Amino acid sequence: MAILAQSDKAVRKDVSGIYASISKGFEKKDLKPLDAALDDSYKGVGPHGEKLDKKTVLQDFKAQANMLKDAHWKREIKKFAMKGKTAADVEVAGSLTGKLPGRNGNWQQLELH
């Protein structure tokens, strides 16, 4: 990776902080960090090609957070590139652990990497 200019380092730090805030919000079942990070006109694409808007993303985030107990979500920026003054290409890796309610009523360990 090329050495980032000072402004690029500042943006990368800001982006990293946003991801950390969203992860902590998920762990605490708090939608505010994700809500603040997404513009009201947000449009995205889900894992099966479905179109997503901010409302849908927030609903899904809340449902997933509420389903897990003892969640811990760590993320790290692996790739970062600027286009002008905008973070245009950001690749993030992470791991999510927690417990899910099992069919037998017992909690099952979840580990996603």
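See the structure above.
Since the model is a prediction, treat every value here as computed from it, not as a measurement. (Residues numbered from 1 in each chain as written. Predicted model: local features only at pLDDT ≥ 70, side-chain atom pairs only at ≥ 80, totals over all residues. Heavy atoms only, no water.)

Visitor: Got a sec to walk through the overall build of the chain? Specific residues and values, please.
Guide: Tallying secondary structure elements over the chain gives three helices and five strands in all. When the elements of the chain are put in sequence order from the N terminus, they spell out α-α-β-β-α-β-β-β. Taken along the three principal axes of its C-alpha coordinates, the chain extends 55 × 30 × 25 Å. The buried share of the chain, taken over its 113 residues, is 24%. For the chain, the proportion of contacts with a sequence separation of at least 24, taken over those separated by at least 6, is 44%. (Helix = DSSP H or I, 4+ residues; strand = E, 2+ residues; numbered from the N terminus. Buried < 20%, exposed > 50% of the residue type's maximum accessible area, 1.4 Å probe, protein only. Contact = heavy atoms within 4.5 Å.)

Visitor: Describe the sheet that holds strand 3 (residues 69–83), listing the residues and the values that go with them.
Guide: In space, the three strands of this open sheet follow the order 3-4-5, with antiparallel pairing throughout. The open sheet has two free edges, formed respectively by strand 3 and strand 5 (107–112), since each of these has just one partner strand. Strand-to-strand, the axes of this sheet are offset by a mean angle of 15°, without reference to chain direction. Bridge count for strand 3 against strand 4 (residues 86–101) is 12 bridges, and the pairing is antiparallel. From the neighbouring strand, Phe80 faces strand 4, where its bridge partner is Val90. (Pairing = 2+ DSSP bridges. Axes fitted to C-alpha atoms, helices over the stretch in contact; angles between N-to-C directions.)

Visitor: Talk me through the side chain of Asp8; I want residue IDs and the actual numbers.
Guide: Examined against the element boundaries, Asp8 turns out to sit in helix 1 (residues 6–27). Despite its burial, Asp8 remains without a salt bridge, the nearest opposite charge being carried by Arg12 at 9.3 Å. (Lys, Arg positive; Asp, Glu negative; His and termini not counted. Salt bridge = Lys/Arg side-chain N within 4 Å of Asp/Glu carboxyl O.)

Visitor: Hey, could you go over unusual backbone geometry for me, with residue numbers and the actual values?
Guide: The phi torsion at Lys29 lies on the positive side, around 60°, for a residue other than glycine. Looking at where Lys29 falls in the secondary structure, it is placed in the loop between helix 1 and helix 2 (32–37). We note that Asp70 has phi near 55°; this positive angle belongs to a residue other than glycine. Mapped onto the secondary structure, Asp70 falls in strand 3. On the basis of relative accessible area, Asp70 is assigned to the exposed category, the value being 53%.

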